[in-house]
Amino acid sequence: MTKVEAIIQNSKLEAVKNALHEIGVEGMTVLEVRGHGRQKGHTEFYRGREYTVDLIPKIKLELVLPDNMVEKVVQTINGAARTGKIGDGKIFLSRVDEAIRIRNDERGEGAL
Amino acid sequence: MGKIAVPRFLVLPLLFLTFVPGLLAQATSTVTGDTQSVRVTRLEQQVAEAKSSGDNAWMLTSSALVLMMTGPGLALFYGGLVRKKNVLGTMMQSFAMMAIITVIWALFGYSLCFGPGNSFLGGLHHLFLRGVGAAPDADYAATIPQQTFMIYQLMFAVITPALITGAFAERMKFSAMALFMILWSLLVYDPMAHMVWGKGGLLNAALGGRFPTLDFAGGTVVHITSGVSALVCALYLGRRVGYPKQPMPPHSVVLSFIGACMLWVGWFGFNAGSALAAGSLATSAFVATHFAAAAAVIGWGGAEWLRNGKPSALGAISGSVAGLVAITPAAGFVGPMPALVIGLLAGIFCYLMVVRVKSWFGYDDSLDAFGVHGAGGTLGALLTGVFATSSVNPILKDAQGNAVASGWIEGNAHQLLNQFVGIAMAWGLAIVGTLIILKIVDMLVGLRVSEEHEMVGLDLSQHGEEGYYWEVPA
């Protein structure tokens, strides 16, 4: 099993979510996060005082998938979330040892 | 459709109610043999009562409007400008004035402002509101109960100290703040209000002052005293921990936005209400107030747009307040066009004070109480001396009681000198009074919260609660 963590632009959430539903992804967790990579922040002015905001609001999706779906999901997220500009985000993949469904203690890929 | 159907059983009682009282009245007057003059007297009395009702309705409405300026208006305006951890502490400072100053006013304040006294302070005649009832005090407002006048003036005494709280936001002890405000109200506000508005006050323009200063609704009494005292507080208390390196942006411009809009509406009570009657002078002040606020939004917003490339919401609402401050002394003396000029100048001037002058000096007037109220109030008081016209309000009279020129624009350049005297008195009293009071309060209870409490925020450290409570949902 693989965990996919995708950090994307706020404005791309709807597109990514719909694209993932179309290829049969059944569950995901979405978080509002702040952070930055290479993208520079922006400045805000309050009564003439300048504030640099370098932690930019982003959306983070977390999905745990059977390994055979991972590549397709990555392609789908790439396709739906890309604008081609700095700030489009990143996708991280990592191994997951076990999944457990709380309702009936089902284990492994069947619990996903 | 469109016709109102009257049930048949109601027709007879209605007819009775319509005609019989008239018949009865005729009968009575014939019986008592009223002469023409008695009837005229009675009619005059009825006209006076009607006028009193109209004026009283407007003045009670205005009183409520001015109270709304403090809570929630100013509480929201200031509350949004501070950091999240200080939102309740900041709102409480305004709200506490609604309670504390009200009690002080009832016991001593009103008498010290408007009781018969000397040039500098009212006497003790109205202590505990003795003799303040339904009968008007003809010196101040001949058509409304003195109690209405008293409650209207109270709302000014409430908001003025609340304005100061913007300067020491996020770092003053609640206990110190309360004690400071009680003393400030008695030692700074009351003398200033008496000098400008009290009968025989040194600066009174209508009731025999030595230096008649034109201040319609409180440019000197409210805005200069509070704004200058705010600056003294900011300097005496020192900067917030981390200022100016650490970013301290407003936690909710949305709250401030709502507050500023309520201030704008409430200001109609503040300025148009200062006519103390519901006549054409109230209308004139209402119009001037609105026009100045609008022009000041354009002044501040435009200056910001030129400098930063964007007009901000915070800039727009700050501009409206600056314009309202500046038109306050002038509202009942100037026409609509000068009001536009005063507003526009105030918007630009206060923007420069807040953005350039403050950072140049480096003081931490946290929410710009001085930059807006002190600076805007001073500019407004000066411009009142320039633009006041006797056709709007014939307040200055010669020995024979004929109206004479008011402002510079009408040829009375001397009025500028009187305005200077009024402004200087307000500045001087605010500086000296505030310094002495700060010293006393500092010795008695200490002014600032501990550094640790400042980090935690006033909400938790002073009040034991949070503005935005968060817990895992059950």
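Residues numbered from 1 in each chain as written. Chains lettered and ligands numbered in written order. Predicted model: local features only at pLDDT ≥ 70, side-chain atom pairs only at ≥ 80, totals over all residues.

Chemist: Would you mind showing me how to read the overall build of chain B here?
Modeler: In terms of helices and strands, chain B carries 14 helices and zero strands. Ordering the α and β elements of chain B from the N terminus gives α-α-α-α-α-α-α-α-α-α-α-α-α-α. Expressed as lengths along the three principal axes of its C-alpha atoms, the size of chain B is roughly 85 × 70 × 50 Å. Across the 474 residues of chain B, 52% fall into the buried class. In chain B, of all internal contacts separated by at least 6 residues, the share reaching a separation of at least 24 is 75%. (Helix = DSSP H or I, 4+ residues; strand = E, 2+ residues; numbered from the N terminus. Buried ≥ 20, exposed ≤ 12 C-beta atoms within 10 Å, placed from the backbone. Contact = placed C-beta atoms within 7 Å.)

Chemist: Please clarify how the overall build of chain A should be interpreted in this entry.
Modeler: Assigned secondary structure in chain A consists of two helices and six strands. Starting at the N terminus, the α and β elements of chain A follow one another as β-α-β-β-β-β-α-β. By the compact-globule yardstick of 13 Å for 112 residues, chain A is too spread out, its C-alpha radius of gyration being 17 Å. When its C-alpha atoms are laid out on the principal axes, chain A stretches across 60 × 30 × 20 Å. (Rg over C-alpha atoms; globule rule 2.2 N^0.38 Å.)

Chemist: What should I look at first to understand the sheet that holds strand β2 (residues 29-35) of chain A in this one?
Modeler: Strand pairing in a sheet relies on backbone hydrogen bonds. The paired strands run either parallel or antiparallel. Residues and elements named next belong to chain A. Ordered by their spatial adjacency, four strands build an open sheet running β2-β5-β1-β6, and the pairing between neighbours is antiparallel. Edge positions in the sheet fall to β2 and β6 (89-95), since each of these pairs with one other strand and no more. Neighbour-to-neighbour, the strand axes of the sheet open up by a mean angle of 20°, direction not taken into account. Pairing of β2 with strand β5 (residues 56-65), which is carried by seven bridges, proceeds in the antiparallel orientation. If you follow T29 over to β5, its bridge partner there is E62. (Pairing = 2+ DSSP bridges. Axes fitted to C-alpha atoms, helices over the stretch in contact; angles between N-to-C directions.)

Chemist: Can you help me understand the packing of helix α3 (residues 87-114) of chain B against helix α4 (residues 146-164) of chain B in this one?
Modeler: Helix-helix packing: each pair is described by the crossing angle between the helix axes and the interaxial distance. Residue and element names in this part refer to chain B. Contact geometry of α3 with α4 gives a least axis separation of 8 Å together with a crossing angle of 130°. In terms of their interaxial angle, α3 and α4 are classed as oblique. As for the relative orientation of α3 and α4, their crossing is right-handed in sense. Across from Q93, S94, M97, M98, I101, T102, W105, G109, Y110, C113 and F114 in α3, the residues of α4 making contact are M150, Q153, L154, A157, V158, P161 and A162. Here the contact of α3 with α4 is composed, by residue class, of 13 nonpolar, five polar and no charged. (Parallel < 35°, antiparallel > 145°, perpendicular 65-115°, else oblique. Left-handed = near helix turned anticlockwise from the far one by under 90°. Nonpolar A, V, L, I, M, F, W, Y, C, P; charged D, E, K, R; others polar.)

Chemist: In this structure, what is going on with the interface of chain B and chain A? I would like to understand it.
Modeler: Often, the extent of an interface is quoted as the loss of accessible area on bringing the components together. Taken together, the contacts link ten residues of chain B with six residues of chain A. When contributions to the side of chain B that touches chain A are tallied by element, the ones reaching two or more residues are α9 (313-327) and α10 (336-361) of chain B. A breakdown of the residues in the side of chain B that touches chain A according to their chemical character gives six nonpolar, three polar and one charged.

Chemist: Help me understand the nonpolar core in this model?
Modeler: The nonpolar side chains of a soluble globular protein tend to be buried with one another. Residues and elements named next belong to chain B. By size, the foremost hydrophobic cluster in this structure holds 143 residues, and its most contacted members are L263, A292, A330, I342, A346 and C350. Residue contributions to this core peak at 13 residues, all from α4. Not counting chain neighbours up to four residues away, the residues in contact with A330 comprise F216, A288, I342, G380, L383, T384, F387 and A388. (Core = buried A, V, L, I, M, F, W, Y, C linked by C-beta atoms within 7 Å.)

Chemist: So what exactly am I meant to see when it comes to the packing of α10 of chain B against helix α11 (residues 369-387) of chain B here?
Modeler: Residue and element names in this part refer to chain B. Interhelical geometry of α10 versus α11 gives an angle of 145° and a closest axis separation of 9 Å. Here α10 runs over α11; the crossing is right-handed. Residue-level contacts link P338, I342, L345, A346, F349, C350, M353, V354 and K358 of α10 to G371, V372, A375, G376, L379, G380, L383 and F387 of α11. For the contact of α10 with α11, a count of residues per class yields 13 nonpolar, three polar and one charged.

Chemist: What is the right way to look at the confidence of the model for chain A in this model?
Modeler: Residues with a pLDDT of 70 or more make up 100% of chain A, whose mean pLDDT is 93. Here strand β4 (residues 49-53) of chain A stands out as the element of chain A with the lowest mean pLDDT, 87, in contrast to strand β1 (residues 2-8) of chain A, whose mean of 97 is the highest. (pLDDT = per-residue confidence, 0-100.)

Chemist: Looking at this model, I keep getting lost on unusual backbone geometry. Mind explaining?
Modeler: Phi is mostly negative for residues that are not glycine, and the peptide bonds are mostly trans. Residues and elements named next belong to chain B. Backbone torsion omega between G71 and P72 reads 5°, so that peptide bond is classified as cis. Counting through the fold element by element, P72 comes out in helix α2 (residues 36-81). Residue Y243 is joined to P244 through a cis peptide bond whose omega torsion reads 0°. Note on placement: P244 falls in the loop between α6 (219-237) and α7 (253-271). At E170, a position not held by glycine, the phi torsion is positive, near 75°. If you trace the backbone, E170 turns up in the loop between α4 and α5 (174-197). Look at L276: it is not a glycine, yet its phi comes out positive at around 60°. Structurally, the position occupied by L276 is in the loop between α7 and α8 (280-308).

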